[in-house]
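Letter by letter, the chains look like this.
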Amino acid sequence: MKQDSHDLFSPASPARSVPVLVPMPAATPYSYSLPDGMVAPPGSVVQVPLGPRKVVGVVWDGGENAVDARKLRPVEKIFDCPPLDPSMRRFIDWVASYTLSPPGLVARMALRAPAAFDPEPMVEGLRFCGHEPDKLTPARRKVLEMAADGLSWTKSGLAHAAGVSTSVIDGMVKQGVFEQVFLPPPPLVAPPDPDYAPHRLAGRQMDAAEIAVDAVKARDFSVALIDGVTGSGKTEVYFEAIAECLRQGRQALILLPEIALTTAFLDRFHERFGAKPAEWHSDLATRTREKVWRQAATGEIRVVAGARSALFLPFENLGLIIVDEEHDPAFKQEDRVFYNARDMAVVRGRLAKVPVVLVSATPSVESQVNSQQGRYTRIHLPTRFADAAMPDLHLIDMRRHPPERGGFLSPVLLRAVGKTIERQQQALLFLNRRGYAPLTLCRVCGHRFQCPQCSSWLVEHRFRGQIQCHQCGYAEPTPQACPECGTLDHLVACGPGVERIAEEVERHFPDARTLVLSSDLGGVKRLRLELEAVARGEADIVIGTQLVAKGHNFPLMTLVGIVDADVGLANGDPRAAERTFQLLSQVTGRAGRTGLKSHGLLQTYQPQHPVMQAIVSGDADAFYEREIVEREKAILPPFGRLVSIIVSADSRAEAETHARQLRQAAPQASGISILGPAEAPLAMIRGRHRFRLLVHGRRGSDMQGFVRAMLDNGPKERRSIQVQVDVDPQSFL
DNA sequence: AGCACGCCGACT
DNA sequence: GTCGGCGTGCTC
């Protein structure tokens, strides 16, 4: 009826219009007119004009708002690629409303492959068509032998197979020996074979694998949490779920923190399935990226191993999502669209009706709680596989075994390092602090080097000759003189960073091969190469920041020294204990997988601290559940309820709109409040709300100053603050 | 998000 | 006299 009355007011020949999500921060899709004869069902990937440029958008269903028909511009082109299916579209809508992001920007994450939307061009190929060449040289004979089967070859492929140069083939083409054919582009990766190398699971692992496999067999949404110490066989267990998924002819997605996407992982997959999975991460070459996108969309690629953004690939027939290292903070994206890929994986699984498997040696508190409450199936792997023993762990009480003057390494740890390298084994010294020293000050006037943009300490990087801000990226060359009093050569470095530890190590072990592994020393590629070199034994002493804790195994590493185990315990983060526990467990888990006797030594000034005690006691798992989960449950907002506070300094109305969207999206959520810059700090102090502050502002803008102004209830700045807490996605499904 | 327009400071 | 910094506004 409404439709009819609407038609009365429509022009005689109404232009057909379609809603299109464009890569722009608009709340709703834009409308475009559809030229006669063009068919664009929802999900179609299209090219549309937007202002002065052409952009890629997606035809949407619903959300269209009224707009003057004269403003409509036509859809220019529909790409010849599979449309985004309804579950993917609902996923994009869901993520947009949950993260309070414009849907167009979420959709853009699913279309991050510049030229992948048209089919890959056919590859030119050659086929033997019966004509013999007039002169049959030895080289030509070899080519004919290879091509006699009448199958199609690429020119370079045939030349390579026959062991001749391509010019031999060029000559034969001229004589009409070959006809030109067009071949479909070759698949990026070979299809993995679920039965390539049978698993070698035993006992509890078999039971665990059965649960995971059954979840895949059910072909429905479920969430399982696999937890077990490093080396307990978690990967092998979820490989069985992937094998089942492949047998069903469906696609599997493995999400990993970017740094854990190592060749070691890919090789392991290869050994089990006879082929590598397709990779997806920020460092991919454009061409490869496009191929992966396209072949995931067509279903050609069966398994993708990728960083968080792989969650937005448009799989043709998704059957399983794995989130490995699910506790890892790297799954959080904290720019543009803010999301946690672990949570969104659960949502995508729900909408696509596929099982999700979360995997970690140290599960996040959220996942622990969800499994305790029975929403996630718990799959616990209690021990290490075969003879891979856990290292024995000891605390070094730094009050009793202090380092020598000017040093940071206890004599106990130094002795252990010496013995380890004498045995031709490797030692890892872990310190979660990049650079040379976290603070520099002037010995004459006491001036402390502070970031001019955000007021955190500037960290000296001696290797690069710079002092840097680890908060905002500000950097300047290390000065010789104090900017305050002008005194030369009286600047003093305070506290250790990995570079300074390396200096100390080199002083004690001048003949050892020492290597610093830190994220600021080159890109992902270089880092991977260095990790592999270490795994092959090409270093004796490795000094690393937290990146060494992630995913990579060092078979020759029999000593792990934690230089400053207390770092991070007192930084005010409500998750400090959880983070410290996870990080130190992951690091100490790197050692002890060789069957050789291995050790972990934790330097600490707080040997009585419950986290330290738990890590060195064999009862860490129980402690983690009992103490950390219980404590942090009390600190964090009630699970199953969303507490989101939007503080808006410039537009109360905008904040109201966001809150309304939130309440609509999650009617069962409670505790949404809007707090102005004056109320927010009070609420924080009174402890009614716990939250992280996310301050949005341009680089170079004085965000710290704004927060200060906010805390002082000062003048309203033209910036907005959005405050969100980590919540549990399950309750919104 | 991108891109154009538009207005004030240091330089070929 | 211009180049270029970023503030503001607009895109179906």
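Residues numbered from 1 in each chain as written. Chains lettered and ligands numbered in written order. Predicted model: local features only at pLDDT ≥ 70, side-chain atom pairs only at ≥ 80, totals over all residues. Heavy atoms only, no water.

As recorded in an unreviewed UniProt entry, chain A goes by the name Replication restart protein PriA, listed as coming from Rhizobium paknamense. In UniProt, chain A has this text filed under Function (unreviewed entry): "Initiates the restart of stalled replication forks, which reloads the replicative helicase on sites other than the origin of replication. Recognizes and binds to abandoned replication forks and remodels them to uncover a helicase loading site. Promotes assembly of the primosome at these replication forks." What UniProt states about chain A under its Subunit (unreviewed entry) heading is, verbatim, "Component of the replication restart primosome." (UniProt positions renumbered as here; feature names shortened; annotations may be inferred.)

Averaged over all residues, the pLDDT of chain A equals 81, while 80% of them reach at least 70. Throughout residues 1-12 the model reports pLDDT below 50, and contacts reaching past four residues in sequence, or to other chains, amount to 0 contacts. Per-residue pLDDT stays below 50 along residues 676-706; that stretch engages in 68 contacts with residues further than four places along the chain or on separate chains. (pLDDT = per-residue confidence, 0-100. Contact = heavy atoms within 4.5 Å.)

Moving on, we come to the protein's contact with DNA strand C. Taken together, Met24, Tyr30, Ser31, Tyr32, Pro49, Leu50, Gly51, Val67, Lys71, Leu72 and Arg73 form the complete shell of residues around DNA strand C. Here, DNA strand C places atoms within 4 Å of the protein, and 48% of those atoms are sugar or phosphate. Ser31 has a polar backbone atom sitting 2.8 Å from a base oxygen of DNA strand C. The set of elements that each furnish at least two residues to the surface near DNA strand C consists of strand S2 (30-33) and strand S3 (45-50). Per-element accounting of the surface near DNA strand C gives the leading share, 3 residues, to S2. Residues of the surface near DNA strand C, tallied by class, amount to 7 nonpolar, 2 polar and 2 charged. (Near = heavy atom within 4 Å. Polar contact = N/O pair within 3.5 Å; in protein donor to acceptor, adjacent residues only side chain to side chain. Helix = DSSP H or I, 4+ residues; strand = E, 2+ residues; numbered from the N terminus. Nonpolar A, V, L, I, M, F, W, Y, C, P; charged D, E, K, R; others polar.)

Moving on, we come to the pairing of strand S19 (residues 426-430). In terms of burial, S19 is largely enclosed, as 5 of its 5 residues are buried. Alternating positions in S19 separate into two faces, Gln426, Leu428 and Phe430 on one and Ala427 and Leu429 on the other, with burial throughout. Sheet analysis places S19 next to strand S26 (residues 541-544), joined by 4 bridges and oriented parallel. When the bridges of S26 are listed, Leu429 appears paired with Ile543. (Buried < 20%, exposed > 50% of the residue type's maximum accessible area, 1.4 Å probe, protein only. Pairing = 2+ DSSP bridges.)

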